[in-house]
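# Report on the structure
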Amino acid sequence: MTLNDKSILAVNTLIFNGYRFDQIFEEVRKLGFPYIEPALITSYYPEINDSYLSQKKNLKQLKDLISANGLKVIAVGAHIDLGSKTATESFRKRIEFAHGLEAQYIHTNSTHKPSYSVFLNNLGKLLPLAESSKLVITLENPGDGENNILNSGEEGVKLIDKNRVIVLKVEL
């Protein structure tokens, strides 16, 4: 593979933050990339919230835009704090939306150490849904460098081994 080989790369929409999805998808198509990674992250796209993700018309509209540009979805950025008490319901909606886009991976944040037990409880509820949706949950640390449960690959391996997680990937 060379840097010119775009066949396995997905472009995350955050690099076009501030542009509409139709503009982003058209530009990605023109650049010759086959895959798009929609960012369904409320802090970047306030209109993409739990209500938006619950409406089938929004899924259809996004799928149609992706398809019209000859793109496919391999992954979805759906970052929330999985250690929050509202994470289960919110991330469930993101899993269902990502499944509807035919994604294989769904990216999110883990949590901070004080929320570890809530995180494990939430993950225990979400993993069966992800597995039945044929999605792999990929975890990143929250990115703020503050007391995260995942700061290294070693911590990620321990999390996976300790909890016998089979549909989870850790990204640092």
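Throughout what follows, the structure given in this document is the object of discussion. (Residues numbered from 1 in each chain as written. Predicted model: local features only at pLDDT ≥ 70, side-chain atom pairs only at ≥ 80, totals over all residues. Heavy atoms only, no water.)

### Focus on the overall build of the protein chain
Quick reminder of the rule: Counting from the N terminus, the helices are the DSSP runs of H or I reaching at least four residues and the strands are the DSSP runs of E reaching at least two. In this description the radius of gyration comes from C-alpha coordinates, and the expected globular size is given by 2.2 Å times residues to the power 0.38. Buried means the residue's accessible area, taken with a 1.4 Å probe over protein chains only, is under 20% of the maximum for its type, while exposed means over 50%, and partly exposed covers the values in between. The contact criterion used is simple: two residues touch if any of their non-hydrogen atoms lie within 4.5 Å. Charge assignment in this entry is limited to Lys and Arg as positive and Asp and Glu as negative, and neither His nor the chain termini are counted. For the purpose of locating charges, the reference atoms are NZ of Lys, CZ of Arg, CG of Asp and CD of Glu.
From N to C terminus, the protein chain includes six helices and seven strands. Walking the protein chain from its N terminus toward its C terminus, one meets helices and strands in the order β-α-β-α-α-β-β-α-β-α-β-α-β. Computed over the C-alpha atoms, the radius of gyration of the protein chain is 16 Å, within 12% of the 16 Å expected from 2.2 N^0.38 for a compact globule of 172 residues. By its C-alpha atoms, the protein chain is 45 × 40 × 30 Å across when sized along the principal axes. Within the protein chain, the proportion of its 172 residues that are buried is 42%. Taking the contacts inside the protein chain whose residues are at least 6 apart along the sequence as the reference set, 78% of them involve residues at least 24 apart. Within the protein chain, one finds 20 positive and 20 negative side-chain charges whose respective centroids are separated by 5 Å.

### Description of the side chain of H79
Keep this limit in mind: Here a polar contact is recorded for every N or O atom pair within 3.5 Å, except that within protein the pair must consist of a potential hydrogen donor and a potential acceptor, and residues adjacent in sequence are included only if both atoms are side-chain atoms.
Mapped onto the fold, H79 is located in strand β4 (residues 75-81). Within the structure, H79 has its side chain in polar contact with the side chain of E140 (distance 3.2 Å). Those residues in contact with H79 that sit more than four places away from it in its chain are I41, H107, T108, N109 and E140.

### Some details on the pattern of salt bridges
How we decide: One side-chain nitrogen of Lys or Arg within 4 Å of one carboxyl oxygen of Asp or Glu is enough to make a salt bridge.
Within the structure shown, the criterion is met by nine salt bridges. Connected through salt bridges with shared partners, the residues E89, R92, K93 and E96 form a single ionic network.

### So, the packing of helix α4 (residues 87-100) against helix α5 (residues 116-132)
To keep things clear, this is the line we draw: Here an axis means a line fitted to C-alpha atoms, over the contact stretch when the element is a helix, while the angle between two N-to-C directions is reported on a 0 to 180 degree scale. Between 65 and 115 degrees an angle is taken as roughly perpendicular, under 35 as roughly parallel, over 145 as roughly antiparallel, and anywhere else as oblique. Two helices crossing with the near one rotated counterclockwise from the far one by less than a right angle form a left-handed crossing, whereas a clockwise rotation gives a right-handed crossing. In this count, Pro and Cys sit with the nonpolar residues alongside Ala, Val, Leu, Ile, Met, Phe, Trp and Tyr, while Asp, Glu, Lys and Arg are called charged and the others, Gly among them, polar.
Axis separation between α4 and α5 bottoms out at 10 Å; the angle between their running directions is 15 degrees. Taken together, α4 and α5 sit at an angle that is classed as roughly parallel. Relative to α5, the crossing made by α4 is right-handed. Where α4 abuts α5, its residues A87, T88, F91, R92 and I95 lie against N122, K125, L126, L129 and A130. Partitioned by chemical class, the residues of the contact of α4 with α5 number six nonpolar, two polar and two charged.

### Description of the environment of G156
Within the secondary structure layout, G156 lies in helix α6 (residues 153-163). When its relative accessible area of 1% is taken as the criterion, G156 is described as buried. With 15 residues separating them along the chain, G156 and N141 place their C-alpha atoms 9.8 Å apart.

### Observations concerning the layout of surface pockets
We count it as follows: Site definitions follow a grid-based scheme: protein atoms alone, a 1 Å grid, a 1.4 Å probe that fits but cannot get out for cavities, and for pockets an open set with protein on both sides within 12 Å along at least five of seven lines, plus lining residues having an atom within 4 Å of a point. Grid points are joined across faces, edges and corners, and a volume is the space filled by probe spheres set on the points.
Empty space within the largest pocket amounts to approximately 220 Å³. Of all the secondary structure elements, the ones that give two or more residues to the lining of the largest pocket are α3 (56-68) and β3 (72-73). Among the elements that make up the lining of the largest pocket, the one with the highest residue count is α3 (three residues). Residue classes in the lining of the largest pocket are distributed as five nonpolar, two polar and three charged.

### Some details on the packing of helix α1 (residues 21-31) against α3
Following both chains from N to C, one finds α1 and α3 inclined at 25 degrees, their axes separated by 9 Å at the closest point. In terms of orientation, α1 lies roughly parallel with respect to α3. In this structure, the crossing between α1 and α3 has a hand that is right-handed. On the side of α1, the interface is formed by F21, D22 and F25, while α3 contributes L62, L65 and I66.

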